[in-house]
Amino acid sequence: MDEPACLGVPPYISPYPRYIAGAMAEQGISPDHIQYLTIDQVRQGQGQDILGKTALIVIIAGMTVPGRYLRGTPINPGEISDIARAAGDTPVVLGGPIRLGYGSQGGMKAIAMDMQDIIPVKGDIEAFINDILASSAGLHDPETVANRMRSTSEIAKWGARGAFVIRHHPDYPHVMCELETYRGCARQNHCSFCTEPLYGDADFREIRDVVCEVEALYGYGARYFRIGRQPDLFSYLAKDTGGDMPVPRPEALEQLYRGIRSAAPDLRVLHMDNANPATIASYPDESEEIARIIVKYHTPGDVAAMGMESADPRVVRANCLKAMSDDVLEAVRLINRVGGARGDNGLPELLPGLNFIHGLKGESEETFHHNFQFLKGLLDSDLMVRRINIRQVMAFPGTRIWQEDTAYRYHKQFIQFKDRVRKEIDRPMLERMVPVGTVLRDVMCEVSDSITFGRQIASYPLLVGIPATMPLKRFIDVTVTGYGQRSITGIPYPLDINHAVPRLIGELPGVGKKRARSILKGRPYRDKDDLLAQLENMGNILPYITMKN
Ligand code: SF4
C-alpha cells in the first residue's frame, strides 16, 4: 500500500503490519505463528502452503497517492478476490487506507470496496485484529466485532511487540522502517483534497513510545528508519494556541531525534518525510531551529517533502490550501540554507521536495503557468529541490473535492506541464544537486538487465542507472557521469579500468568512446603512473579509477 505519510512498498515496511503483528502477539499468538508476506512474494507463489492452514488472513491495502515504483506493485482488487477465494473457510479481513476507497490512478474518484468473502474494516485494522482475538466469538464471527480507532497507548505496545515481523520482509535486513509520530491534521481549516483530517485532530505519540519502538526494531536488526507517518514533522507536539497553525516546539524534536540516536546508535539511515511549508513560513525561527536539529541527528540525503499543491493563488484560496507561493518560497530558502551542504554519502544534507496537485477547484490554464514560473524562479535563484512530484488529484469520499468534478478537466495541459517540468526543471536541478564526478555512497543494486538500476536506501532516493549488469542486492559506490530527466547515470566507484566493460570506461568523465578504445588497448596497467605514461590527458579520470592486477 501507499499512503502520503506511510509507505509500504519495498524497501519500506509501513507500521500497519508491525502493529497488527504486535496486537496478535499481545493477544497470546506466538510470533512463530505469525507470517508476513508482501503481495509480490504472493505473486511469486510464496505462501501457498500456509493458505489452507491459517486461522486468519489480514490484507493491508490501498493507494492514496498512486505512484510507480521500481520494485513492488501494490495489491489490486482482483488479487484481493483471488486470495479470498483461495482462503476457503478462513476469514479474510481487509483494511488499511483502502477503507477510504480504492483507485489505481490520479484524476479519478476512489470507489468503495465491497467484495464477496471479505470482511472490510472501516476503523483501524490493528484495533480490529486485537479485538477479534480478544473476544471469544471474534475469530469465528469477525463481523460481530465493532470498528473503532486505536489509541496511541495501544500502538505504543503493539509497535514494540510487533517489531519482530520486519524479519519476514523480503529486503531484510535492508528494510526501511516507517515511524509514526502522529496522524491527523492540526489545522483548523482543511485542504479540499486531503484524507488526513478523516483521522481527526493531531493525535501525537509520546516521544518515549516512538523511541521504545525504535529500540525494539533495532534489536531485531533494523538499521534504516524514516520518520514518515505524520503530515508535518515540524508540528510534532506543537502547541495549539487556537490559530490555524500550531506553534512548533524545537525541544520536542531535539528529544525525539536524540532518543532515536541513542536507541539505535549504529543506524545507517535516519530520514524524514513530510513538512508543512506554512508552518515553516509562519514560524521561521522555530522552524530553522528544528531544521538544524534534524541535520544534527539525521543522515544526509534527507528530504522534507512539502505539499505545495499549487502556486495559483486562486486555487490556493478555492481549496483552502495551506500556503501561498511566497510562503513556500520562504520554506524552500530556509531548508536550502540549513541543509544545502553536501553530506558524506554524496548528497546534500536536507533538501525540500515539492508536491503539486492538479485537478483542484478553481484551476484554469493559467494555473500551469503559475506553477511553471514558480519552479523556474527556484532554478534561477540557485535553489535546490530534491524532487518535484506532480499528480492529478484522486477524490476520496469525505473530502470536499469529492463533490467537485474537476479532476480531469485539464488533462492534456497536465501532461504537457509535467513533461516540460521534467525537461526544463528536473534535469538542471539534478545537475546542480549532484554534479558530474560526485561520488554517491552505498547504492543498492535492485533491478538488472543491460542496465542495472539502484538507489541509496533513503527518503525519496535518487534512481541511478549503471550501464552494466551488476550483482543484485549489493551496495556499491557510484560516480555520477550523466543525467536522465529524473534519474542519473553512474559507474562503480572506483572503476577498475583493467577489468571494466568498455561501456563503463566510456562513461568516465570526459572519456567517451574514442578515448575508451585507447584505454582498452593499453590494458592492463600496473598503476596510475603507468596509465599516465602510456596515454595523454588522463589526469582528470584518476580520482575515479583503480587498477586491479
Ligand atoms: S494541512 Fe492540508 S494537506 Fe496538510 S494534513 Fe492538513 S488538510 Fe492535509
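Residues numbered from 1 in each chain as written. Predicted model: local features only at pLDDT ≥ 70, side-chain atom pairs only at ≥ 80, totals over all residues. Heavy atoms only, no water.

**Some points on the layout of surface pockets**
In step 1: By volume, the second largest pocket amounts to about 1200 Å³.
In step 2: In terms of lining, the second largest pocket is formed by 44 residues, of which the most central are Gln 35, Tyr 36, Leu 37, Ile 57 and Val 58.
In step 3: When residues of the lining of the second largest pocket are traced back to their parent elements, those giving at least two are α1 (15-26), α2 (39-43), α3 (48-51), β2 (57-60) and α4 (77-87).
In step 4: In the lining of the second largest pocket, the residues fall into 29 nonpolar, 11 polar and four charged. (1 Å grid on protein atoms, 1.4 Å probe; cavity = no way out; pocket = protein on both sides within 12 Å on 5 of 7 lines; lining within 4 Å. Points joined across faces, edges and corners; volume = space filled by probe spheres on them. Helix = DSSP H or I, 4+ residues; strand = E, 2+ residues; numbered from the N terminus. Nonpolar A, V, L, I, M, F, W, Y, C, P; charged D, E, K, R; others polar.)

**Here we look at empty space enclosed by the protein**
Take a probe with the size of a water molecule and roll it over the atoms, and the empty space left behind shows itself.
In step 1: Here the structure, examined in full by the defined rule, presents five cavities of 30 Å³ or more.
In step 2: Computed from the structure, the largest cavity encloses a volume of approximately 70 Å³.
In step 3: With three residues, α1 is the single largest residue contributor to the lining of the largest cavity.
In step 4: Considering only residue class, the lining of the largest cavity consists of five nonpolar, no polar and five charged.

**Here we look at the site of the ligand**
In step 1: Taken together, the residues surrounding the ligand are Cys 185, Arg 187, His 190, Cys 191, Cys 194, Glu 196, Pro 197, Pro 231, Asn 276 and Lys 322.
In step 2: Partitioning the shell around the ligand into residue classes produces five nonpolar, two polar and three charged. (Near = heavy atom within 4 Å.)

**Remarks on the sheet that holds strand β4 (residues 119-120)**
In step 1: In space, the three strands of this open sheet follow the order β2-β3-β4, with parallel pairing throughout. Whereas interior strands pair on both sides, the edge strands pair on one side only; in this sheet they are β2 and β4.
In step 2: Where α4 meets the sheet, its contacts fall on β2 and β3 (92-95), and the angle it forms with β2 comes to roughly 180°. (Pairing = 2+ DSSP bridges. Contact = heavy atoms within 4.5 Å. Axes fitted to C-alpha atoms, helices over the stretch in contact; angles between N-to-C directions.)

**Some details on the packing of helix α7 (residues 207-219) against helix α8 (residues 250-263)**
In step 1: For the pair α7 and α8, interaxial distance at closest approach is 9 Å and the crossing angle is 20°. Viewed along their axes, α7 and α8 adopt a mutual orientation that is roughly parallel. In terms of crossing hand, the pair formed by α7 and α8 is right-handed. For the pair α7 and α8, the contacting residues are Ile 207, Val 210, Val 211, Val 214, Glu 215 and Tyr 218 in the first and Ala 252, Gln 255, Leu 256, Gly 259, Ile 260 and Ala 263 in the second.
In step 2: Its residues assigned to classes, the contact of α7 with α8 shows nine nonpolar, two polar and one charged. (Parallel < 35°, antiparallel > 145°, perpendicular 65-115°, else oblique. Left-handed = near helix turned anticlockwise from the far one by under 90°.)

**Thoughts on the pattern of salt bridges**
In step 1: Using the criterion set out here, one finds 37 salt bridges in the structure.
In step 2: Here Arg 43 ties to Asp 40 by a salt bridge, and the two come within 2.7 Å at their closest N and O atoms. Here Asp 40 and Arg 43 lie together in helix α2, a separation of three residues that amounts to about one turn.
In step 3: Arg 432 is the salt-bridge partner of Asp 382, the closest N and O atoms lying 3.5 Å from each other. Linking Asp 382 in the loop between α13 (365-380) and β11 (387-392) with Arg 432 in helix α14 (residues 411-433), this pair joins segments that are 50 residues apart in sequence.
In step 4: Assessed through its relative accessible area of 61%, Asp 382 is described here as exposed.
In step 5: For Arg 432, a relative accessible area of 26% gives the class partly exposed.
In step 6: Connected via shared salt-bridge partners are Asp 124, Glu 126, Arg 150, Glu 180 and Arg 183. (Salt bridge = Lys/Arg side-chain N within 4 Å of Asp/Glu carboxyl O. Buried < 20%, exposed > 50% of the residue type's maximum accessible area, 1.4 Å probe, protein only.)

**Quick look at unusual backbone geometry**
In step 1: Cis rather than trans, the peptide bond between Tyr 172 and Pro 173 has omega equal to 10°.
In step 2: Relative to the assigned elements, Pro 173 resides in the loop between α6 (152-161) and β5 (176-180).
In step 3: Here Tyr 493 and Pro 494 are connected by a cis peptide whose omega angle stands at -15°.
In step 4: Relative to the helices and strands, Pro 494 resides in the loop between β16 (487-493) and β17 (495-496).
In step 5: A positive phi is found at Glu 309, a non-glycine position, where the angle reads about 70°.
In step 6: By secondary structure assignment, the location of Glu 309 is in strand β9 (residues 302-309).
In step 7: We note that Asp 442 has phi near 55°; this positive angle belongs to a residue other than glycine.
In step 8: As for its placement among the helices and strands, Asp 442 is situated in strand β12 (residues 439-448).

**Points about the nonpolar core**
Note that soluble globular proteins tend to have their nonpolar side chains buried in a common cluster.
In step 1: The biggest cluster of nonpolar side chains holds 93 residues, and the ones touching the most others in it are Phe 225, Tyr 257, Leu 354 and Leu 375.
In step 2: Each of domain 1 (1-171) and domain 2 (173-433) contributes no fewer than three residues to this core.
In step 3: Sequence-distant contacts of Leu 354, defined by excluding residues within four places in its chain, comprise Met 306, Met 308, Val 328, Val 332, Phe 374, Leu 375, Leu 378, Val 385, Arg 387, Ile 388 and Asn 389.
In step 4: Counting residues in hydrophobic clusters, the runner-up holds 38 residues, among them Leu 440, Met 470, Val 480 and Met 538. (Core = buried A, V, L, I, M, F, W, Y, C linked by side-chain atoms within 4.5 Å. Domains from an automatic or database assignment.)

**A look at the domain arrangement of the chain**
In step 1: Parsing the chain into structural domains produces domain 1 (1-171), domain 2 (173-433) and domain 3 (439-546).
In step 2: For domain 1 and domain 2, the distance between their C-alpha centres works out to 26 Å.
In step 3: Opposite the 42 residues of domain 1 that make contact, domain 2 presents 40 residues.
In step 4: When the two sides are added together, the surface that domain 1 and domain 2 hide from each other amounts to roughly 3500 Å², 55% of it contributed by carbon and sulfur.
In step 5: The largest share of the area that domain 1 buries against domain 2 comes from Ala 5, Leu 100 and Lys 109, three residues that together contribute 17% of it.
In step 6: Taken together, the connections running from domain 1 to domain 2 amount to three salt bridges.
In step 7: Across the contact surface, domain 1 and domain 2 share 11 residue pairs in polar contact (both at pLDDT 80 or more).
In step 8: Of all the secondary-structure elements, those providing two or more residues to the side of domain 1 that touches domain 2 are β1 (12-13), α1 and α6. (Buried area = accessible area lost by both parts, 1.4 Å probe. Polar contact = N/O pair within 3.5 Å; in protein donor to acceptor, adjacent residues only side chain to side chain.)

**A few points about the packing of aromatic side chains**
In step 1: Going through the model one piece at a time under the given rule, you end up with five aromatic pairs.
In step 2: On the basis of an interplanar angle of 65° and a centroid distance of 6.4 Å, the ring pair of Phe 368 and Tyr 410 is categorised as edge-to-face. Of this pair, Phe 368 sits in helix α13 while Tyr 410 sits in the loop between β11 and α14; the two residues are 42 residues apart in sequence, bridging distant segments of the chain.
In step 3: A relative accessible area of 8% places Phe 368 in the buried class.
In step 4: Within the aromatic cluster, the residues linked to one another by ring pairs are Tyr 182, Phe 204 and Tyr 236.
In step 5: A cation over an aromatic ring shows up here: Arg 229 above the ring of Tyr 199, its NZ or CZ 5.1 Å from the ring centre.
In step 6: Here the guanidinium or amino end of Arg 420 rests over the ring plane of Phe 372, the centre of that ring lying 3.7 Å away. (Phe/Tyr/Trp six-rings, centres within 6.5 Å; stacked < 30°, edge-to-face > 60°. Lys NZ or Arg CZ within 6 Å of the ring centre and 35° of its normal.)

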